[in-house]
Amino acid sequence: MSKQSRISREKSIHRTKTLFEIFLTVSVIGAGGYIIKGIAERSQTVGYSQYYAEPETSEEEELPDPDKVIYETYNVPTKDKFHGNLILVNENYRYFSGDEKLVSINEMNAEKGRTLFSAVDPSETDKMMIVEDVYEPMASMIFDFYDATQISNILIYGAYRSTDFQQQLYEDDLAATGNEESTRVAKAGFSEHESGLAFDITTYPDYDYQGEGEYVWLTENCYKYGLIIRYPENKEQITKIQSEPWHFRYVGKPHAYYMTKNNLCLEEYIDMIITKYYYQNDEHLEFTDDNGNEYEVYFVLSDDASDVTTIPVPTGKKFEVSGTNVNGFIVTVYKNENTEQPITEPTTVSEEESTGESETSESTESAEITENTEVTEPPTAYVAGQ
Ligand SMILES: [Zn+2]
């Protein structure tokens, strides 16, 4: 072997040795990594097992918790955040009209043979319309008020207003007062009446309803029908609107119950849910009403970058989703509806469900109505309110 070839052979051995060392290093690192990964995985498993190894909790944990709520997703158009029973409409939150499912109060009364009350139309153009879901609670309340007091001079004096009609009312008020801004009528786009979720009550023949005397019954009991006095005297600082005992707003039974029992106006209630009861929070608003019905309420932010917002809702439970007109949706879960006879549930006025006894009262109402229908002459000065 020549000196040259020996050197070359030595180099070759050296190269092989180096390659082997690299291979070894890589293998060691690889194996080390594998071991570390294994330890990490085992340590997780160990933590998990330890949790379940607790003898006291293991049996309970294995059983499915009947109270544990499993959520699934429900997609709603993001623009629906501007619609629903819980929308906040005030000077800061404009109402975007459209898509209201309206019915005529007087036509519904005629269809159902109800003559106890009627709606007075203050304008040539607007029929007295209201959101369909609000008609029945409103009628039930007025019928039950009659049953409790025998008073039958209630008139519906304001309900849905088109944005054009609201504009006209606003201008009329400026003309009447000579002011540059109205304190009595909301600007077009900012009145709850444009949503069709609100109505005003008045009384015949004085057209001066203040919710006093026997009429306090309506103020005190309206929550049982899902209605609230929207502008109460003790909340003027928050609503920025002077007391209007005649202005009722539909929000739905669970919410009217909670707001009334906790002395919250709509601004306060919506703000509380938005800030405290996010879906992601551990705590949702949970309460039970006087009839034993259990509710859960939480807020979901709207996905404004998308046409669709995905809302988590509990599997197998009745729920409702309403926009807030602010920044998202409020989910109401009917966790446990009391199927027993409610204690304070108002009596229904539905003809289908009427007993012989209530038919008797219906005929009494018919007599009253004849008296009322003679009296549909609206007052000369229509004071619209908000
Ligand atoms: Zn009103």
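### Brief notes about the coordination of the zinc ion
- On the protein side, the zinc ion has His193 (NE2), Asp200 (OD), Asp200 (OD) and His247 (ND1) as donor atoms, found 2.0 to 2.6 Å from it.
- Each of the 4 donor atoms bound to the zinc ion contributes to angles spanning 54 to 154°, and the resulting shape is irregular.
- Going along the chain, you hit the donors of the zinc ion in the pattern H-x6-D-x46-H. Of the two residues, His193 and Asp200, neither departs from the other in class, the shared state being buried.

### Observations regarding the sheet that holds strand 8 (residues 247-250)
- As summarised here, the arrangement of the 5 strands in space is 3-5-6-8-7, forming an open sheet in which the pairing is mixed. Since the sheet does not close on itself, it has two edges, and those belong to strand 3 (118-119) and strand 7 (227-229), each with one partner.
- Pairing analysis gives 4 bridges linking strand 5 (residues 154-158) to strand 6 (residues 198-203), with the strands arranged antiparallel. The partner of Gly158 across the bridge, within strand 6, is Asp200.

### Structural notes on the side chain of Thr324
- By the secondary structure assignment, Thr324 is in the loop between strand 12 (318-323) and strand 13 (328-336).
- A polar contact of 3.1 Å, which involves the side chain of Thr324, links it to the backbone nitrogen of Val326.
- Within polar-contact distance, the side chain of Thr324 engages the backbone oxygen of Gly328 at 3.0 Å.
- Those residues in contact with Thr324 that lie beyond four places of it in its chain are Lys81, Leu86, Ile87, Leu88, Ile270, Phe299, Phe329 and Ile330.

### Focus on helix 5 (residues 163-177)
- The first and last C-alpha atoms of helix 5 sit 21 Å apart over 15 residues, in line with the 21 Å expected at 1.5 Å per residue.
- Residues of helix 5 that are buried: Phe165, Gln166, Leu169, Tyr170 and Asp173. Axial view of helix 5: buried residues confined to an arc of 145°, hence all on one face. Turned more than 90 degrees from where helix 5 packs its buried face, Asp164 and Ala175 sit exposed.

### Focus on the pattern of salt bridges
- Tallied over the full model, the rule gives 14 salt bridges.
- One salt bridge connects Lys240 with Glu91, and the closest N-O pair in it is separated by 3.9 Å. Residue Lys240 is found in the loop between helix 7 (236-239) and strand 8, and its partner Glu91 is found in the loop between strand 1 (71-77) and strand 2 (102-104); the two are separated by 149 residues along the sequence.
- Since its relative accessible area comes to 56%, Lys240 is described here as exposed.
- Counted as one network, the salt bridges with shared partners bring together Glu192, Arg230, Arg249 and Glu267.

### Overview of the pairing of strand 5
- The buried count for strand 5 comes to 5 of 5 residues, which makes it a mostly enclosed element.
- As defined by bridge partners, strand 3 adjoins strand 5 across 2 bridges and the pair is classed as parallel. Looking at strand 5, one finds that Ala119 is bridged to Ile156.

### A few points about helix 4 (residues 132-149)
- Taking 1.5 Å of rise per residue, the 18 residues of helix 4 would be expected to cover 26 Å, and the 27 Å separating its terminal C-alpha atoms lies within 8% of that figure.
- Of the residues flanking the end of helix 4, it is Gln150, one or two places downstream, whose phi is positive at about 65°.

### Structural notes on the sheet that holds strand 12
- Pairing is antiparallel in the open sheet, where 4 strands are placed in the order 9-10-13-12. On the outer flanks of this sheet lie strand 9 (285-288) and strand 12, each paired with one strand and no other. Direction aside, the axes of adjacent strands within the sheet are offset by 20° on average.
- Pairing analysis gives 6 bridges linking strand 12 to strand 13, with the strands arranged antiparallel.

Procedures and definitions
- Residues numbered from 1 in each chain as written.
- Predicted model: local features only at pLDDT ≥ 70, side-chain atom pairs only at ≥ 80, totals over all residues.
- Heavy atoms only, no water.
- Donors = N, O, S within 2.8 Å, 3.2 Å for Na, K, Ca; no water.
- Tetrahedral: all angles 85-135°; square planar, octahedral: opposite > 155°, others 65-115°.
- Buried < 20%, exposed > 50% of the residue type's maximum accessible area, 1.4 Å probe, protein only.
- Pairing = 2+ DSSP bridges.
- Helix = DSSP H or I, 4+ residues; strand = E, 2+ residues; numbered from the N terminus.
- Polar contact = N/O pair within 3.5 Å; in protein donor to acceptor, adjacent residues only side chain to side chain.
- Contact = heavy atoms within 4.5 Å.
- Expected span 1.5 Å × (residues − 1).
- Arc of directions from axis to C-beta.
- Salt bridge = Lys/Arg side-chain N within 4 Å of Asp/Glu carboxyl O.
- Axes fitted to C-alpha atoms, helices over the stretch in contact; angles between N-to-C directions.

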